[in-house]
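Listed here are the chains, written in short residue letters.
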Amino acid sequence: MTEAGNNFDSKVFLDTVSEKPGVYIFSDQDEKTLYVGKAGNLKKRLKSYFRSTGLSAKTRLMVSKIHHAETQQTRTESEALLLENNLIKEQKPRYNISLRDDKSFPYIRLTERDLFPRFSFYRGRRARPHQYYGPYPNATAVREMLAQLHKIFRLRQCNDVFFRNRSRPCLQYQIKRCSAPCVGRIGRADYLEDVRQAKAMLSGRDFALLDELAGKMESASTKLDYETAAHYRDRIALLQRATAKQYVSSGSGNADVVTVALESDRVCFGVVSIRHGRNLGSRFHIQKNPMDLIAAELLEAFLPQNYFGTVMPAEILLSEKIESRSSLQQVFSIENKRKVKIKHLCRAHRARWIESARVNTVERLRSHLNQRSQVDAQFVALTDLLSLDEVPARIECFDISHTMGERAVGSCVVFDHQGAVKSDYRKFNISGIEPGDDYAAMQQTLKRRYKRVLQDDGKLPDMVIIDGGKGQLDVAARVFEELQILGSVVLLAVSKGRTRRPGEEQLHLFGNIRAIMPGRTSSALHLIQRVRDEAHRFALVGHRQRRAKARTESPLQQIEGVGDTRRRNLLRYFGGLREITHAGIEDLAKVPGISPTLAQRIYNQLHD
C-alpha cells in the first residue's frame, strides 16, 4: 500500500467509505486542498489511489502529501459532477485541471430599442431588452465580426453620448464605416433595413441575404437606377468575401468541437465554435498536466468547467471517448434547458471537423513548447497583474524620439506570444506641431496608426502601451474615443519612478485611479520593459535616420513649390545657400520662376 501523510491511515479511511456516488477531497497538513474528484463508486475509486503499483510518479507524490481525506455522498453521478465542479472553482486544488473561474465569453449586443440600433462588443450577464449574438470563442472573433458588419452595412459604432452630440459626421463616415444617422445622412427606415440585413448575416442566413440583394440589384437595374444597383452590387461583393472566409468546408449546424493534446508535462484543450455552419474561431487552454492523466480523463475534467454557466451549442463533438458522457449530457441538457448531445464517433463533415480541430490543437501545443514559453508566462502574469478578462494576444507599444524637438519620430512596435512581430513595426515622421510637444506628437502618431488600421481592416491590438505618464495616457484615451475604439483595447502607460531606475516603473491603467507598482522582480514588468525598450530603440533609430537625412539635404528641398528647376535657378542666381539666406524678399522675387508669394514663403522658411 502506498504511504500517504504521516498521520493519515488509508486503510482506516477506506473502511469508512461507501460504494455510493459522490465526491472525495484530499487535503495536506496545512489544510489546503490537494485534489477534488468524483466517482460513481467512491470506495472503488479511492482504492485505486492507495495501491502498491500502477500509479504515476505525480500521483504518488500527491498521495504522499495527503494528511486528511473526506467524502461527500450524492444521490446520482450527475449531482457528483456538479458538486465536483463547484468545489474545484471554490477551492482551486493544486492537482486539478482548473480554468479561470471569472472568465466570461464575449457577445455581440444589439440595442434594438434605440432609434438607431447599435451592434457592439459585450461581455457579462445578458439582460433584456437587448439582443445578443454568440457566445464567441474570444474577443478577437467578436472584433473581426463587428468590423465586417460595419464595413458591409455601415452601422453606427459610437455610444449614445457621442451620438447625440454630433453636429457633423465623424471619421467613421469619412472612411465609409458609418452612414452618419447622427446628422441625418440616412433615414431611420433605411437604417433599420441595414440592421435587418446585419441580423440576417449574424444568424447564418447569408445565402438567403445574397439572393435577396441580388434580386434588389436586378430590380434597380431594370428601373435604370444604376446608382442603387451599384450600391447593392458592392454590398454583395463585400458579403461574399466575408462569408467565403468564415464558412467551414462542408456541413451546417451549431456545434463545439473539443479536442485535447498531450506532450511532455503539458496539456492543450482546443475548442472550435461552429454556428450555422460558420467557423467563429478557436480558443486554446494550455496548462500543466498535474497528475499525468490520460487524454480522456483530462477531457472529462475540462468539459464541466468550460461549459457550466455558459450558453451551450446543440452538439459537443469530442476527440476522445469519455466514461461520463451520459451523465454530462444529462446535466448539460438541464443546465441549458434544451437537449445537448455529446458525441465521439462521427461521420462525414463532423468527422472532418474533429480531425481538423485535433491537428490544430496538436500544432498549438507544439508551438507553445517549442517557442518562447517564458513569454507566455509573462503574458499570463501581466493578465493577472492588471486583472484582465483574458490574456492579451497582441500588444502594441508607442514612443516618441527627438532631439530638442528636431525631427520627431513616433514608433510602433508589436509583440505577441512568439515575441517581436517586426514585420508589423511602423515609424511615423511627426510634422505640423510645436517642436518638443510630446503630447501632440503622440496624438498624431496614434491617430495616424489606427486610422490606417480601421481603413485597411487591419488588426487591432488587445493592449496598447504608451511610454509616458498619465498625461500621455489621457492623450491616447482622447484619440481612441474619437476613433470609437476606446472600449475595445486595454490602454496602459508606463512612467519611470522617482529615482528613474529600472524596476521602479509605475503602470497607469486607463480606468484605474491609482498607479500600479509591480516591483523589480515582477515577470509582468519584465515583459513591459522589454516591449517599451524595443519601442524606444526603434523610435531612436528612426529619429537618427531622419535627422541624418535632413542634415544632408538642402533646406530648399523642404519648401513647398521649390522643385529641382527653381532650386537650380536660385543657386545659380545667388551662388550658394548662404547668399540665398541673406537675400531679401524683393531680391528672391527677381529669380526666374519665383513669384512674390513664393519668395515670401522661401524667406519665411529659411529664417524660421
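Overview of the structure. (Residues numbered from 1 in each chain as written. Predicted model: local features only at pLDDT ≥ 70, side-chain atom pairs only at ≥ 80, totals over all residues. Heavy atoms only, no water.)

### As for the overall build of the protein chain
Right, so step 1: Regarding its fold elements, the protein chain presents 21 helices and 18 strands.
Right, so step 2: C-alpha atoms of the protein chain, sized along the principal axes, occupy 110 × 70 × 40 Å.
Right, so step 3: Each of the 608 residues in the protein chain was classed as buried or not, and the buried ones make up 49%.
Right, so step 4: For the protein chain, long-range pairs separated by at least 24 residues make up 62% of all intrachain contacts whose partners lie at least 6 apart in sequence.
Right, so step 5: Side chains of the protein chain give 98 positive and 70 negative charges; the mean places of these two sets differ by 2 Å. (Helix = DSSP H or I, 4+ residues; strand = E, 2+ residues; numbered from the N terminus. Buried < 20%, exposed > 50% of the residue type's maximum accessible area, 1.4 Å probe, protein only. Contact = heavy atoms within 4.5 Å. Lys, Arg positive; Asp, Glu negative; His and termini not counted. Charge placed at Lys NZ, Arg CZ, Asp CG, Glu CD.)

### Points about the sheet that holds strand β2 (residues 33–39)
Right, so step 1: Taken together, the three strands give an open sheet; going across it, the order is β2-β1-β3, and neighbouring strands pair in antiparallel fashion. Where the open sheet ends on each side, the last strands, each with one partner, are β2 and β3 (68–73). Between one strand axis and the next, the sheet turns by 15 degrees as a mean value, whatever way the strands run.
Right, so step 2: Pairing of strand β1 (residues 22–27) with β3, which is carried by six bridges, proceeds in the antiparallel orientation. (Pairing = 2+ DSSP bridges. Axes fitted to C-alpha atoms, helices over the stretch in contact; angles between N-to-C directions.)

### Quick look at the pairing of strand β12 (residues 394–403)
Right, so step 1: Within β12, eight of the 10 residues are buried, which leaves it mostly tucked inside the rest of the structure.
Right, so step 2: The pairing of β12 with strand β13 (residues 406–416) spans nine bridges and is classified as antiparallel. Within β13, the residue paired with Phe398 across the bridge is Cys412.
Right, so step 3: Taken together, β12 and the strand that follows it, β13, pair antiparallel across an intervening segment of two residues, in which Met404 is found at a positive phi of about 50 degrees.
Right, so step 4: In the sheet, β12 pairs with strand β16 (residues 463–467) via four bridges, with the strands oriented parallel. When the bridges of β16 are listed, Glu396 appears paired with Val464.

### Remarks on the sheet that holds strand β6 (residues 131–133)
Paired through their backbone hydrogen bonds, the strands of a sheet run either parallel or antiparallel.
Right, so step 1: Taking strand neighbours across the sheet as the criterion, the three strands line up as β5-β4-β6 in an open arrangement whose pairing is antiparallel. Sheet topology places β5 (119–123) and β6 at the edges, where each strand pairs with a single neighbour. Put simply, the sheet's adjacent strands are angled 40 degrees from each other on average, direction ignored.
Right, so step 2: Note that strand β4 (residues 106–110) and β6 share three bridges and pair antiparallel. When the sheet's bridge partners are listed, Leu110 is paired in β6 with Gln131.
Right, so step 3: The strands touched by helix α5 (residues 139–153) are β4 and β5; relative to β5, the strand with the most contacts, the crossing angle is about 170 degrees.
Right, so step 4: Sheet strands touched by helix α8 (residues 188–202): β4, β5 and β6. Its angle to β5, the strand with the most contacts, is close to 45 degrees.

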